[in-house]
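# Working through the structure, step by step
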Amino acid sequence: MTPEDLAALHPRLYQVSVKVAWSSIEAHGLLSCSMLLELFEINPDKRLKITGQRRPRSVVIDHPVHRKAEITDNSPLSDTLLERCLDDGLTPKDWLRMLNHRVFFWVDEAGMNRLLKSRYNRGRERRVLVQREAVGVQREPGVEDLEGRHPVRFEDVGQPEQVRRERRPTSR
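Residues numbered from 1 in each chain as written. Predicted model: local features only at pLDDT ≥ 70, side-chain atom pairs only at ≥ 80, totals over all residues. Heavy atoms only, no water.

### A word on the overall build of the protein
Counted only if it meets this: Elements are defined by DSSP. Helices are runs of H or I of four residues or more, strands are runs of E of two residues or more, and each kind is numbered from the N terminus. Burial classification: accessible surface area is computed with a 1.4 Å probe over protein chains only, and a residue below 20% of its type maximum counts as buried, one above 50% as exposed, and the rest as partly exposed. In what follows, residue pairs with any heavy atoms lying within 4.5 Å of each other are defined as contacts. Per-residue accessibility takes into account occlusion by the displayed protein chains alone, with areas from the Shrake-Rupley method and a 1.4 Å probe.
What the protein contains, in helices and strands, is eight helices and five strands. Of the regular secondary structure in the protein, the N- to C-terminal order runs α-β-α-α-α-β-β-α-α-α-β-β-α. Looking at the 172 residues of the protein, the share that counts as buried comes to 37%. Taking all contacts inside the protein whose residues are at least 6 apart in sequence as the whole, residues at least 24 apart take part in 66%. Accessible surface, the protein as shown: approximately 11,000 Å² in total, 51% of it carbon and sulfur.

Listed below in structure tokens is the structure:
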């Protein structure tokens, strides 16, 4: 699928973030976990620990210039279930490292709202970022998937309730 195909099918992309991440996203763009760890100059051993295993809880990282950032948990994942479905010698550790090189978007409000209403997210303060022109998501030369830093600028639409109130025009 090309970026243009994606934009035609889904003119808006949604990213759910922790509230405190907005200023960092404005300053540095939307970064994958791996790129954020690099920006924060986290030592290689700690990077491997954060990206190569299931995180049952979020991890807060500190930097003298960039201050604090939160690496969200990936608690819904199961190493046992991953071992059953991965093939070609791919291990859960390898797969998790691959995931941590990517940034994920919801392509519609329904999926995003399911995440926000999930038991896991109830009571957690989240921000919804909306990219209104999905064509801004581009693959860099030589990059197979959307990974690392993206040339996408998001609009912070605030708390999830604000997104749910935003209605698309209906045709009559």
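### A look at the pattern of salt bridges
Side chains that carry opposite charge are capable of pairing whenever their charged atoms lie near each other. Just so we agree on the cut-off: By definition, a salt bridge exists where a carboxyl oxygen of Asp or Glu is found within 4 Å of a side-chain nitrogen of Lys or Arg.
Inspection of every chain in the model, using the stated rule, returns one salt bridge. One salt bridge in this structure joins Asp 62 and Lys 68, with 2.9 Å as the shortest N-O distance.

### What to know about the environment of Met 35
Here Met 35 is to be found in helix 3 (residues 33–39). Sequence-wise, Met 35 and Asn 100 are 65 residues apart; in three dimensions their C-alpha atoms are separated by 8.7 Å.

### So, the layout of surface pockets
For clarity, the cut-off: In this analysis the probe radius is 1.4 Å and the grid spacing 1 Å, with only protein atoms considered; a cavity is a set of points the probe fits into but cannot get out of, a pocket is an open set with protein on both sides within 12 Å along at least five of seven lines, and lining residues have an atom within 4 Å of a point. Grid points are joined across faces, edges and corners, and a volume is the space filled by probe spheres set on the points.
What the largest pocket holds in volume is close to 1,400 Å³. As for the largest pocket, its lining consists of 44 residues, and the residues nearest its centre are Gln 15, Val 16, Thr 72, Asp 73 and Phe 104. Breaking the lining of the largest pocket down by element, the ones donating at least two residues are strand 1 (13–18), helix 2 (22–28), helix 3, strand 3 (67–71) and helix 6 (92–99).

### Notes on unusual backbone geometry
Unlike most non-glycine residues, Glu 41 shows phi in positive territory, near 55°. Secondary-structure assignment places Glu 41 in the loop between helix 3 and helix 4 (44–51). You can call Glu 41 exposed: its relative accessible area is 59%. Positioned with a positive phi, Asp 88 is a non-glycine residue whose angle comes to about 55°.

### What about the side chain of Asn 100?
Going by this rule: Distance and chemistry together define a polar contact, namely a pair of N or O atoms within 3.5 Å, with one atom able to donate a hydrogen and the other to accept it when in protein, and with adjacent residues in sequence counting only for side-chain atoms on both sides.
If you trace the backbone, Asn 100 turns up in the loop between helix 6 and helix 7 (109–117). Reaching out from Asn 100, the side chain makes a polar contact with the backbone oxygen of Thr 51 at a distance of 3.0 Å. Residues within four places of Asn 100 in sequence aside, it is in contact with Ser 32, Cys 33, Ser 34, Ile 50, Thr 51 and Arg 55.

### What about the environment of Ala 7?
Turning to its location among the elements, Ala 7 is positioned in helix 1 (residues 3–9). Along the sequence, Ala 7 and Arg 132 sit 125 residues apart, while their C-alpha atoms lie 9.3 Å from each other.

### Remarks on the pairing of strand 2 (residues 59–63)
To be explicit about the condition: Note on pairing: two strands pair once DSSP finds at least 2 bridges between them.
Pairing analysis gives five bridges linking strand 2 to strand 3, with the strands arranged antiparallel. Within strand 3, the position partnered with His 63 by the bridge is Arg 67. Two successive antiparallel strands, strand 2 and strand 3, enclose a turn made up of three residues.

### Thoughts on the confidence of the model for the protein
The condition that has to hold: pLDDT expresses, on a scale from 0 to 100, how confident the predictor is about each individual residue.
Scored by pLDDT, the protein has a mean of 77; 77% of the residues are at 70 or more. The weakest mean pLDDT in the protein belongs to helix 8 (residues 160–165) at 45; the strongest belongs to helix 4 at 95. Taken as a whole, residues 138–153 scores under 50 in pLDDT and shows 40 contacts with residues more than four places along the chain or in a different chain. Note on residues 161–172: pLDDT is under 50 here. Beyond four places in sequence and across chains, it has 16 contacts.

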